[in-house]
Amino acid sequence: MQFNSYAFILLFFPLFLLVYFTVGKRRTRETIILGGIVFYAFAGWKSAAVLGGSVLITACLAQGIDRSQTKSGKRLLTALCIFLHAVTLVLYKYWWIVPRLTSHPFDFSLVQPLGFSFFSFQQMMYVLALCRGELEKHSLPDYLAYILYFPKLTMGPLAEPGELIPQFRNPGKWNWDHAAAGLRVFSFGLFKKMVIADTFAGAVNSYFQSVPEASSLELALIMLSYTFQIYFDFSGYIDMSVGISHILNLSLPLNFDSPYKAVSISDFWKRWHISLTRFFTRNIYIPLGGNRKGPLRTDLNIMIVFLVSGMWHGAHPNFLLWGALNGVLLIIEKRMNRKARKTFSWAAWLITFLFINCLWLLFRSGTVGQWAGLMRRIFSFRGSELTPGFTDAFFTPELVAVLRIFGLTGIQQTIPWAALAGFMIMSFLIVLIPRNNHRELMENRRITPGSAILAAAALTIGILCMSSESIFIYSGF
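Let me sum up the structure you'll find in this document. Since the model is a prediction, treat every value here as computed from it, not as a measurement.

### Section: the environment of Met-194
Phase 1: Position of Met-194 relative to the elements: it lies in helix H10 (residues 176–208).
Phase 2: The exposure class assigned to Met-194 is buried, which follows from its relative accessible area of 6%.
Phase 3: Taking the C-alpha atoms as reference points, Met-194 and Leu-464, separated by 270 residues in sequence, lie 9.2 Å from one another.

Here it is as structure tokens:
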């Protein structure tokens, strides 16, 4: 089930709220567990079976870790659990390579369950916290509620057990201020996904589904469109997840902090998918020695982390190269003069944003060769024509309906790039000017009449745009 669906907004979540704030006053964890099962069941029985098996095995190992009387026993069971999850992740992500590496003619594919990496990592985090003594003891209801809490089940954030489990024990009563603030953030997230991200997705897909000849300007705009698509898709999900949790009187860790305001690659990774960066830092970078064993070892550790990050995204050379290039850029940055980056902040922002665009295009391209060809064509600065297939993608059915109301239907023919320019300007304003929505909630800012009206409009438009349920990009990871 997706947050941007009629089934979730009009049926599942209202019913869950009713149960959560009535029966859930005494059975909060049980309500969360049941809600997670129902929510995830919409992904299909195969995905649900994998999740169920994964949870069952981890629960048994967690029980063993909790009962073990020796540190070596705890560490052995923890290592076994992490090994099993790692092997399963590799199996699901890389199984398609096996027929290519062997002469066997079989064609057996494994469909990766929805949000598989996220709930696998969460289970690793749970047993690691248990082994480190960060949890008092293993509790099956606590564990199941932590894993199955549906706002973070399929796309994160990767919350530490100690951040979430204590909140389940005393979530509090219905709070109108929390509900209003949470609904406001949810509405903005829905608008980001349905109106902005999906519009850019249509424009990007119009090129990659047919790969027509295009000018340098159009390819540059396609690259920028994907940069905005992945931003608003992920940001939209995070806003909805945070908003839902706030309505439930629960708090998720900060996972997205205006990353396109970054003035360096390291700054970007402190703002984008913060919980995943924290997971890799704590469980890979620091155990490898972090920055404590000299510059060369530090550089190697950085590369290992980013290569693992690339592999985590999928079994494709593009992802591996994407991770490697991010690592190289971060290493180069560490050799630069930090004062120079502060002095020329606008130049640093522009250079960083350009690198981010180029690397996201690698993320989206079909092959490394295609990405390299697109880079050459973009920076050849040849041609400025825009094809109708690209510009028309921004004249969405909803926008065309509004133009008809005001008698402006001719604008699509007279100024074909008008909607494109409008979306680009709106996107730049959103990513560069306002504060992060999650930070607004963390500081408990009151809702103004203007923001309430804006949220109501965003929710209404977002729901009206849900003619079909679109998948979030990161749910595939």
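### Let's talk about unusual backbone geometry
Phase 1: With an omega of 10°, the peptide bond between Gly-156 and Pro-157 qualifies as cis.
Phase 2: Relative to the elements of secondary structure, Pro-157 occurs in the loop between helix H8 (150–153) and helix H9 (161–168).
Phase 3: At His-273, a residue that is not glycine, the phi angle is positive and equals roughly 45°.
Phase 4: Secondary-structure assignment places His-273 in the loop between helix H12 (265–269) and helix H13 (274–285).
Phase 5: Among the residues examined, His-273 registers a relative accessible area of 1% and is labelled buried.
Phase 6: Residues other than glycine seldom take positive phi values, yet Phe-381 does so here, at roughly 55°.
Phase 7: Considering the arrangement of structural elements, one finds Phe-381 in the loop between helix H18 (368–378) and helix H19 (388–391).

### Concerning the packing of helix H3 (residues 45–67) against helix H4 (residues 71–94)
Phase 1: One can describe the packing of H3 onto H4 by two numbers: an axis separation of 8 Å at closest approach and a directional angle of 165°. It follows that H3 is roughly antiparallel to H4 by the angle criterion. With respect to the hand of their crossing, H3 and H4 are arranged in left-handed fashion. Of H4, the residues touching H3 (which contributes Val-50, Ser-54, Ile-57, Thr-58, Leu-61, Gly-64, Ile-65 and Asp-66) are Lys-74, Leu-77, Thr-78, Leu-80, Cys-81, Leu-84, His-85 and Tyr-92.

### Structural notes on the packing of helix H2 (residues 28–41) against helix H7 (residues 140–148)
Phase 1: One can describe the packing of H2 onto H7 by two numbers: an axis separation of 8 Å at closest approach and a directional angle of 40°. The angle between H2 and H7 falls in the class oblique. Crossing geometry of H2 relative to H7 is assigned as left-handed. Of the residues in H7, those in contact with Arg-29, Ile-32, Ile-33, Gly-36 and Ile-37 of H2 are Pro-141, Asp-142, Leu-144, Ala-145 and Leu-148.
Phase 2: Across the contact of H2 with H7, the residue classes break down as seven nonpolar, one polar and two charged.

### Side note on the environment of Phe-121
Phase 1: With respect to the helices, strands and loops of the structure, Phe-121 is situated in helix H6 (residues 116–132).
Phase 2: Among all residues touching Phe-121, those that are not within four sequence positions of it are Leu-89, Leu-158, Leu-276, Phe-279, Phe-280 and Trp-312.

### Thoughts on helix H15 (residues 317–335)
Phase 1: Its 19 residues give H15 an end-to-end C-alpha distance of 27 Å, which sits within 8% of 27 Å, the value for a rise of 1.5 Å per residue.
Phase 2: When we look at burial in H15, the residues that qualify are Asn-318, Phe-319, Trp-322, Gly-323, Ala-324, Asn-326, Gly-327, Leu-329, Leu-330, Ile-331 and Glu-333.

### Topic: the nonpolar core
Phase 1: In terms of nonpolar packing, the biggest core is built from 141 residues, with Phe-8, Leu-248, Tyr-260, Trp-272 and Trp-360 touching the most fellow members.
Phase 2: Ignoring anything within four residues of it in the chain, the contact list for Tyr-260 reads Thr-227, Phe-228, Ile-230, Tyr-231, Phe-268, Trp-272, Trp-349, Phe-353, Ile-356, Trp-360, Val-431 and Leu-432.

### A word on the packing of aromatic side chains
Phase 1: The final tally for this structure, using the stated rule, is 58 aromatic pairs.
Phase 2: Consider the rings of Phe-16 and Phe-150, whose centres lie 5.0 Å apart with planes at 85°: the pair is edge-to-face. Placement of the pair is Phe-16 in helix H1 (residues 6–20) and Phe-150 in helix H8, with a sequence separation of 134 residues. Phe-150 matches Phe-16 in its accessibility class, with the two residues each being buried.
Phase 3: Ring centres of Trp-322 and Trp-360 lie 5.9 Å apart, and the angle between their planes is 20°; this geometry places the pair in the stacked category. Within this pair, whereas Trp-322 is found in helix H15, its partner Trp-360 is found in helix H17 (residues 345–364), the two being separated by 38 residues in sequence.
Phase 4: According to the relative accessible area criterion, Trp-322 is buried, its value standing at 2%.
Phase 5: Over the aromatic face of Tyr-146 sits the side chain of Lys-152, whose NZ or CZ is 4.8 Å from the ring centroid.

### Regarding a nonpolar patch on the surface
Phase 1: Together, Leu-11, Leu-15, Leu-18, Val-19 and Val-23 give the surface a local cluster of nonpolar side chains, amounting to about 440 Å² of exposed area.
Phase 2: By secondary structure assignment, the location of Val-19 is in helix H1.
Phase 3: Judged by its relative accessible area of 35%, Val-19 falls in the partly exposed class.

Criteria and thresholds
Residues numbered from 1 in each chain as written. Predicted model: local features only at pLDDT ≥ 70, side-chain atom pairs only at ≥ 80, totals over all residues. Heavy atoms only, no water. Helix = DSSP H or I, 4+ residues; strand = E, 2+ residues; numbered from the N terminus. Buried < 20%, exposed > 50% of the residue type's maximum accessible area, 1.4 Å probe, protein only. Axes fitted to C-alpha atoms, helices over the stretch in contact; angles between N-to-C directions. Parallel < 35°, antiparallel > 145°, perpendicular 65-115°, else oblique. Left-handed = near helix turned anticlockwise from the far one by under 90°. Contact = heavy atoms within 4.5 Å. Nonpolar A, V, L, I, M, F, W, Y, C, P; charged D, E, K, R; others polar. Expected span 1.5 Å × (residues − 1). Core = buried A, V, L, I, M, F, W, Y, C linked by side-chain atoms within 4.5 Å. Phe/Tyr/Trp six-rings, centres within 6.5 Å; stacked < 30°, edge-to-face > 60°. Lys NZ or Arg CZ within 6 Å of the ring centre and 35° of its normal. Patch = residues over 30% accessible without salt bridge, like charges linked within 9 Å, V, L, I, M, F, W, Y side chains within 5 Å. Areas by Shrake-Rupley, 256 points an atom, 1.4 Å probe, with all protein chains shown as cover. Salt bridge = Lys/Arg side-chain N within 4 Å of Asp/Glu carboxyl O.

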